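# Survey of secondary and tertiary structure
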Amino acid sequence: MEHEKFDPRSMDLEPSRAFDEASGLMAYGAGLRVPPAHLRSKVMAAIRPASELPLGASPGGALWRKAAAAAAILAAAVALSIYARPEGASLAAVEGGALIGGKPAGVGAALPMGAVIEVPPDGRAVVRIGRRAGFELSRGARAILERTAANAIELRLDSGWALSAVKTGTPYRISTPHGAARAVGTDFIVKASAERTYACICRGRLVLTGPFPDQTVAADHHADFIIEPGQAPKPAGRWSSLDGHRDEAIGALRGRLGLRP
Amino acid sequence: MRRVAESRDREAFARLYDLYAPLLFGLSVRIVGHADAEDALQEAMIQIWERAADFDGAKGSVRAWLVVITRSRCLDRLRQKEAAGRRQTPLPDGEDFIDGSAASGEALEHREAEAAVLEALASLPQEQRQALEAGYFGGLSQSEIAKDLGQPLGTIKTRMRLGMIKLMEQLKPLLEP
């Protein structure tokens, strides 16, 4: 087994299985961290039988990774359909049309894990997830609902707006290309675009994660932040807007989901 | 693991990922930082898939093998970034750990192992822990650690040796046969 520079001989110890196993256990010293749900999809889309490796590519090599990345979008749909688990997510309301997996979907339609849901720029769709959470997509939102390895719900929001209502203690988060917002029992909205992600905690607590130290934010009445590529969250400033998440919108969403205020 | 190696069983590989991803992602974040951790883990998982036939259960556990590959890929990345200056990645708090409400047997085992290892590491004298962590998570050689800490090489070697012996002793209940 390869051991980089962390080798028993360098410590005047006999190579042993006990050393190898203890080294393996030391990884726990870094702390357990749940990877984003989309990473599972990417990994599953990227793996191929050895016989399908491109000519001249070594396993895990750059050429193979590029080929895998190019195929990822198409293959992800296949992989997700294979590994999807039954969940209780369904459309609770639709205005202006909604697509699930590219096909028109109406109220009551199931939203399978891993399926893409899209709404038009002037449409909206409310999705109920069991009895503990739900969200409303609008402004041309495109998103994928997934379940993480730790059984948490993750909405991967590529673009558009997602207003969420979540019961306390429900493992739920929204990730965007710039970071993720994890609910700690809250109402919150995330608006994603290529340039930035806007997140507003309307009530409760939210943990913002990404390529920056985690930030826990709490508010009784709307506190908003902007996350730009590679940067830490900062107050929304000129981007601040209650559009799409005023109290009445939250109340309406909770009503549709059957969640108490 | 056997099904992955012999049958190229994607479903078995998915379960392997689900089981170990929190451990391996935590390790990746610690070594290369949040920004590179996803790519590092993806690279490691692809290698694990491709090299599954190399795994030998007689030599060590699945966990140890997965950790070795992931750590190697992370340290490769770390070295590539050394031109821009070595950095120690701070351990962010409040990250999305395995959720207590999703208390599967595996999650519970992960939790227990994490607590035991953290306790074992915390029980080491600070200088032993520092040297071990610099070697393990930082990928530094003993000479580099000695230079960084301004200590003689022999001192670092002794600290790591004693620390590792104590760690193996404390983690004995968790060691897979």
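Residues numbered from 1 in each chain as written. Chains lettered and ligands numbered in written order. Predicted model: local features only at pLDDT ≥ 70, side-chain atom pairs only at ≥ 80, totals over all residues. Heavy atoms only, no water.

## A look at the overall build of chain A
Looking only at helices and strands, chain A has four helices and 13 strands in total. Residue pairs at least 24 apart in sequence account for 44% of intrachain contacts in chain A once pairs closer than 6 positions are excluded. Working note: accessible area of chain A is about 10,800 Å², and carbon and sulfur atoms make up 55% of it. (Helix = DSSP H or I, 4+ residues; strand = E, 2+ residues; numbered from the N terminus. Contact = heavy atoms within 4.5 Å. Areas by Shrake-Rupley, 256 points an atom, 1.4 Å probe, with all protein chains shown as cover.)

## Considering the pattern of salt bridges
All names here are of chain A. Under the definition given, this model contains 22 salt bridges over all chains. For Arg-142, the salt bridge goes to Asp-158, with nearest N and O atoms at 2.5 Å. Of this pair, Arg-142 sits in strand β6 (residues 133-147) while Asp-158 sits in strand β7 (residues 153-166), and the two are 16 residues apart along the sequence. For Arg-203, the salt bridge goes to Asp-187, with nearest N and O atoms at 3.3 Å. One end of the pair, Arg-203, is in strand β10 (residues 197-210); the other, Asp-187, is in strand β9 (residues 179-192), and 16 residues separate them in sequence. Residue class for Asp-187 comes out buried when judged on its relative accessible area of 3%. Each of Glu-95, Arg-124, Glu-136 and Arg-256 takes part in a single network of salt bridges with overlapping partners. (Salt bridge = Lys/Arg side-chain N within 4 Å of Asp/Glu carboxyl O. Buried < 20%, exposed > 50% of the residue type's maximum accessible area, 1.4 Å probe, protein only.)

## Comments concerning unusual backbone geometry
Residues and elements named next belong to chain A. In the Ramachandran plot, Asp-12 falls in the positive-phi region, its phi being about 60 degrees despite a non-glycine side chain. Within the secondary structure, Asp-12 sits in the segment before α1 (17-26). Look at Arg-139: it is not a glycine, yet its phi comes out positive at around 55 degrees. Position of Arg-139 relative to the elements: it lies in strand β6.

## Some details on the pairing of β10 of chain A
All names here are of chain A. For β10, the buried fraction is high: 11 of the 14 residues fall into the buried class. Summarising the sheet, β10 and strand β12 (residues 223-227) pair through five bridges and their orientation is antiparallel. Across the sheet, residue Tyr-198 finds its bridge partner in β12, namely Ile-226. Pairing of β10 with strand β11 (residues 212-219) involves six bridges; the strand directions are antiparallel. Bridge pairing in β11 places Gly-210 opposite Phe-212. Hairpin remark: β10 followed by β11, antiparallel, with one residue in the connecting loop. (Pairing = 2+ DSSP bridges.)

## Side note on the environment of Val-34 of chain A
Assignment of secondary structure puts Val-34 of chain A in the loop between α1 and α2 (37-46). On a C-alpha basis, the gap between Val-34 of chain A and Ala-152 of chain A in space is 9.4 Å, while along the polypeptide they are 118 residues apart.

## Focus: the packing of helix α2 (residues 10-32) of chain B against helix α4 (residues 62-80) of chain B
In a packed pair of helices, the relevant descriptors are the angle between the two axes and the axis-to-axis distance. All names here are of chain B. The N-to-C vectors of α2 and α4 enclose an angle of 35 degrees; their axes lie 10 Å apart at closest approach. The element α2 and its partner α4 pack so that their crossing is right-handed. Judged by residue contacts, Leu-16, Tyr-20, Leu-23, Leu-24, Leu-27, Ser-28, Ile-31 and Val-32 of α2 engage Val-62, Arg-63, Leu-66, Val-67, Thr-70, Arg-71, Cys-74, Leu-75, Arg-77 and Leu-78 from α4. Per-class residue counts for the contact of α2 with α4 are 13 nonpolar, two polar and three charged. (Axes fitted to C-alpha atoms, helices over the stretch in contact; angles between N-to-C directions. Left-handed = near helix turned anticlockwise from the far one by under 90°. Nonpolar A, V, L, I, M, F, W, Y, C, P; charged D, E, K, R; others polar.)

## Notes on the packing of aromatic side chains
Inspection of the entire model under this criterion finds six aromatic pairs over all chains. Between Phe-6 of chain A and Tyr-136 of chain B, the aromatic rings sit 5.2 Å apart at their centres with planes inclined by 80 degrees, giving edge-to-face as the arrangement. Of this pair, Phe-6 of chain A sits in the segment before α1 while Tyr-136 of chain B sits in helix α6 (residues 126-136), placing the two residues on different chains. The exposure classification of Phe-6 of chain A matches that of Tyr-136 of chain B, with both residues buried. Each ring, one from Phe-13 of chain B and one from Trp-49 of chain B, has its centre 5.2 Å from the other, and the planes form 70 degrees; the classification is edge-to-face. Here Phe-13 of chain B is found in helix α2, whereas its partner Trp-49 of chain B is found in helix α3 (residues 34-50), with 36 residues between them in sequence. Judged by its relative accessible area of 0%, Phe-13 of chain B falls in the buried class. Put simply, the rings of Phe-6 and Phe-19 of chain A together with Tyr-136 and Phe-137 of chain B pair up and form one aromatic cluster. (Phe/Tyr/Trp six-rings, centres within 6.5 Å; stacked < 30°, edge-to-face > 60°.)

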